[in-house]
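Inside the fold
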Amino acid sequence: MTGNKVLAVAGGGAAGFFGAINAAALCPELKVIILEKTHKLLSKVRVSGGGRCNVTHACYDNKLLSENYPRGRRELRSVLQNFGPQQMTEWFAQRNIKLKTEEDGRMFPSTNTSETIIQCYLSEAEKYNVEIRTGVGISSFEKHDKFVLSLTDKTTLTCDYLLITTGGSAAPKNYEWITQSCSHKIIAPLPSLFTFNIPDSPLKGLEGVSVTHAKVSLSGIKQIATGPVLITHWGVSGPAVIRLSALAARELFELGYNCVVRINFFPEENAETLKQKFISERTHSPQLTVQQLLHSLPQRLRQRICDLVNIKLHNSLGNVSNSQINVLANKLTSFELLMKGKTTFKEEFVTSGGVSLKEVNMQNMESKLVNNLFFAGEVLDIDGITGGFNFQAAWSTAMAAAQTIAIRCSKKL
Ligand SMILES: Cc1cc2nc3c(=O)[nH]c(=O)nc-3n(C[C@H](O)[C@H](O)[C@H](O)COP(=O)(O)OP(=O)(O)OC[C@H]3O[C@@H](n4cnc5c(N)ncnc54)[C@H](O)[C@@H]3O)c2cc1C
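Everything numeric in this text was worked out from a predicted model, so none of it was measured. (Residues numbered from 1 in each chain as written. Predicted model: local features only at pLDDT ≥ 70, side-chain atom pairs only at ≥ 80, totals over all residues. Heavy atoms only, no water.)

Helix and strand content of the protein chain: 14 helices and 21 strands. If you line up the protein chain on its principal axes, its C-alpha atoms span 90 × 40 × 35 Å. Counting over 413 residues, the protein chain shows a buried share of 53%. Charge-centre separation for the protein chain: the mean point of 45 positive side chains lies 2 Å from the mean point of 35 negative side chains. (Helix = DSSP H or I, 4+ residues; strand = E, 2+ residues; numbered from the N terminus. Buried < 20%, exposed > 50% of the residue type's maximum accessible area, 1.4 Å probe, protein only. Lys, Arg positive; Asp, Glu negative; His and termini not counted. Charge placed at Lys NZ, Arg CZ, Asp CG, Glu CD.)

On to the pattern of salt bridges, then. Scanning the entire structure with this criterion turns up 16 salt bridges. Notably, a salt bridge pairs Lys31 with Glu131, separated by 3.1 Å at the nearest N-O pair. You can see Lys31 sitting in strand 2 (residues 31-36) and its partner Glu131 sitting in strand 6 (residues 131-134), a full 100 residues away along the chain. For Glu131, a relative accessible area of 27% puts it in the partly exposed group. Taking the shortest distance from any N to any O, the salt bridge between Lys275 and Glu272 comes out at 3.9 Å. Note that Lys275 and Glu272 are positioned in helix 10 (residues 271-284) at a spacing of 3 residues, about one turn of the helix. Because the salt bridges share partners, they merge into one network encompassing Arg52, Glu102, Asp104 and Arg106. (Salt bridge = Lys/Arg side-chain N within 4 Å of Asp/Glu carboxyl O.)

Right, let's get into helix 10. Taking 1.5 Å per residue as the helical rise, helix 10 with its 14 residues ought to reach 20 Å, and the 20 Å between its terminal C-alpha atoms agrees with that figure. Taken residue by residue, helix 10 has Leu274, Lys275, Phe278, Ile279 and Arg282 as its buried positions. Take helix 10 and look down its axis: the buried residues cluster within an arc of 140°, on one side only. Facing away from the buried side of helix 10, by more than 90 degrees, are the exposed residues Thr283 and His284. Its side-chain oxygen at 3.0 Å from the backbone nitrogen of Glu272, Asn270 defines the N-terminal cap of helix 10. (Expected span 1.5 Å × (residues − 1). Arc of directions from axis to C-beta. Polar contact = N/O pair within 3.5 Å; in protein donor to acceptor, adjacent residues only side chain to side chain.)

Of note, Asn112 is a non-glycine position whose phi angle comes to about 65°, a positive value. Take Asn112: it is sitting in the loop between strand 5 (106-109) and helix 6 (115-127). According to the relative accessible area criterion, Asn112 is partly exposed, its value standing at 33%. Here Tyr257, not a glycine, exhibits a phi torsion of approximately 60°, which is positive. Relative to the assigned elements, Tyr257 resides in the loop between helix 9 (249-254) and strand 16 (258-264). When its relative accessible area of 9% is taken as the criterion, Tyr257 is described as buried.

On to the site of the ligand. Within the structure, the ligand sits among 27 residues, and Ala15, Glu36, Ile138, Glu378 and Phe391 are positioned closest to it. Within the contact set of the ligand, an oxygen atom lies 2.8 Å away from a backbone nitrogen or oxygen of Ala15. Between Lys37 and the ligand, the recorded distance is 3.2 Å, taken from a backbone N or O atom to a nitrogen atom. Expressed as a share of its isolated accessible area of 1000 Å², the protein-covered part of the ligand is 87%. For the shell around the ligand, the elements supplying multiple residues, two or more each, are helix 1 (14-26), strand 2, helix 2 (43-51) and helix 14 (389-410). (Near = heavy atom within 4 Å. Areas by Shrake-Rupley, 256 points an atom, 1.4 Å probe, with all protein chains shown as cover.)

Attention shifts here to the pairing of strand 18 (residues 350-355). With 6 of its 6 residues buried, strand 18 lies for the most part within the structure. Where strand 11 (residues 186-192) lies against strand 18, 5 bridges are found, and the strand directions are antiparallel. Looking at strand 18, one finds that Pro191 is bridged to Thr351. (Pairing = 2+ DSSP bridges.)

This part takes up the sheet that holds strand 9 (residues 156-159). Strand order across the open sheet formed by 3 strands is 7-8-9, with antiparallel pairing between neighbours. Two strands lie at the open edges of the sheet, namely strand 7 (138-143) and strand 9, each paired on one side alone. Neighbouring strand axes in the sheet, compared pairwise and without regard to direction, differ in orientation by 20° on average. (Axes fitted to C-alpha atoms, helices over the stretch in contact; angles between N-to-C directions.)

Let us now look at the confidence of the model for the protein chain. Predicted confidence across the protein chain gives a mean pLDDT of 96, with 98% of residues reaching 70 or more. Confidence metrics for the complex model read pTM 0.92 and ipTM 0.99. (pLDDT = per-residue confidence, 0-100.)

Before going further, it helps to examine the packing of helix 10 against helix 13 (residues 322-333). Running from N to C, helix 10 and helix 13 point in directions that differ by 135°, and their axes come no closer than 9 Å. In terms of orientation, helix 10 lies oblique with respect to helix 13. Our pair here, helix 10 against helix 13, has a crossing hand that is right-handed. Only Asn322, Ile325, Asn326, Leu328, Ala329, Asn330, Leu332 and Thr333 of helix 13 make contact with helix 10, whose side of the interface consists of Ala271, Leu274, Lys275, Phe278, Ile279 and Arg282. A class-by-class count of the residues in the contact of helix 10 with helix 13 yields 8 nonpolar, 4 polar and 2 charged. (Parallel < 35°, antiparallel > 145°, perpendicular 65-115°, else oblique. Left-handed = near helix turned anticlockwise from the far one by under 90°. Contact = heavy atoms within 4.5 Å. Nonpolar A, V, L, I, M, F, W, Y, C, P; charged D, E, K, R; others polar.)

If you trace the 3 strands from one edge of the open sheet to the other, you get 3-5-4, paired in antiparallel fashion. The two strands at the open ends of the sheet, each matched to only one other strand, are strand 3 (56-57) and strand 4 (99-101). Across 3 bridges, the pairing between strand 4 and strand 5 is antiparallel. Within the sheet, the bridge partner assigned to Leu99 lies in strand 5 and is Pro109.

Another aspect to go through is the side chain of Asn62. You can see Asn62 is positioned in helix 3 (residues 62-66). Side chain to side chain, Asn62 and Gln81 meet in a polar contact 2.8 Å long. With near-sequence residues (within four places) excluded, Asn62 lies in contact with Arg77, Leu80 and Gln81.

The next subject is helix 8 (residues 239-247). Residues lying three or four places apart along an α-helix face the same way, a consequence of the helix completing one turn every 3.6 residues. Within helix 8, 7 of the 9 residues are buried, which leaves it mostly tucked inside the rest of the structure. Residues of helix 8 that are buried include every one of Ala240, Val241, Ile242, Leu244, Ser245, Ala246 and Leu247, and no others. Of the surrounding secondary structure, the elements contacted by the buried residues of helix 8 are strand 11, strand 12 (196-197), strand 13 (210-218), strand 14 (221-231), strand 15 (235-237) and helix 9.

And the structure:
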């Protein structure tokens, strides 16, 4: 190995492993070393998707795919085009890993366990002689002709290429070593993908009740999300809420996670159109009960909403006044909940913020400030909504870096 070019990869997570094994496979004379500061490799891959690992999403239109990234939407297009869900599926197939697609587009290994992905990456690393050091992190680096890394075990390591894949963290101090070593700007890290904390919820007692299609919005914030909503012990959750937490991650942080959450249980209507619909139903079917009118909502939710507006569920529409219909339509299309602070549960899956994309060449993930320094994965100011998009961003950015490093190594650059 003497005289061979060396790639050091900071972080033994999803992006780190994928970058390391592909660089090593593409350029056999490259010596690749993964440095993982903990004693655990691929730990998020292991727990991801409830232990099943939602590796990617069956979305093969690059523009549509990129819409799933609140941060990185435009910038990711090139690397997604180069290596997107299609290529990732083929990459796995070449290693005898079959993926299955769920109805909502999420893709998992057909074995239904993240262990399949972990074993694949570990055996690829072994096949291509990737050296893995655990319990050793990078605490700083300097770039002269080569990189000189200062490691947490007080040793140093010299390398030709450095790929930083240290993941996301809501704690700004975890990025300090990067700014101190190479002056890269860090966009303030904040949590994304979390549930809404509603301590005094008028929906208390309805935990577990869900609606399949609702529109969720936030006071003073323009983003909205539609989809299933789930009532939980601490507030509201479900795909629409989690998606909105990602879309409005920064605005919610600025508001201290204090604002009014509005749920429209009839997302195709507004208060006025719903009111007109109800009045028309009353004219045509005065015997219809309120219970029947609201059949699309779960029974317990129907009951709670009617209790809140003082309307009896078994009342026939003929006995419901215009002003009652007005109040009911307002409640159903703009059900207000007061968000107070953020949940401290571990629902948040990703960090928004990280290394600013303005200082990274988003075609090959190389730093615009330091030659042969690369970034991939969640350490960047990139985050996706749930559904396999975060892993896809890790694979795509890591592959772009690996390909560039491999070409440079082959050309002895
Ligand atoms: C519970 C949970 C479930 C998830 N499920 C899914 C899912 O199903 N699908 C999906 O797409 N996304 C999912 N995600 C998000 C996804 O796991 C991450 O986006 C992805 O792991 C990011 O990969 P990464 O390699 O950039 O970072 P990570 O996987 O976090 O890896 C970073 C590694 O770097 C190490 N490190 C940090 N600092 C240093 C240092 N200075 N030196 C050396 N090593 C260092 C860390 O210890 C870590 O091992 C989930 C996240 C969580 C928390």
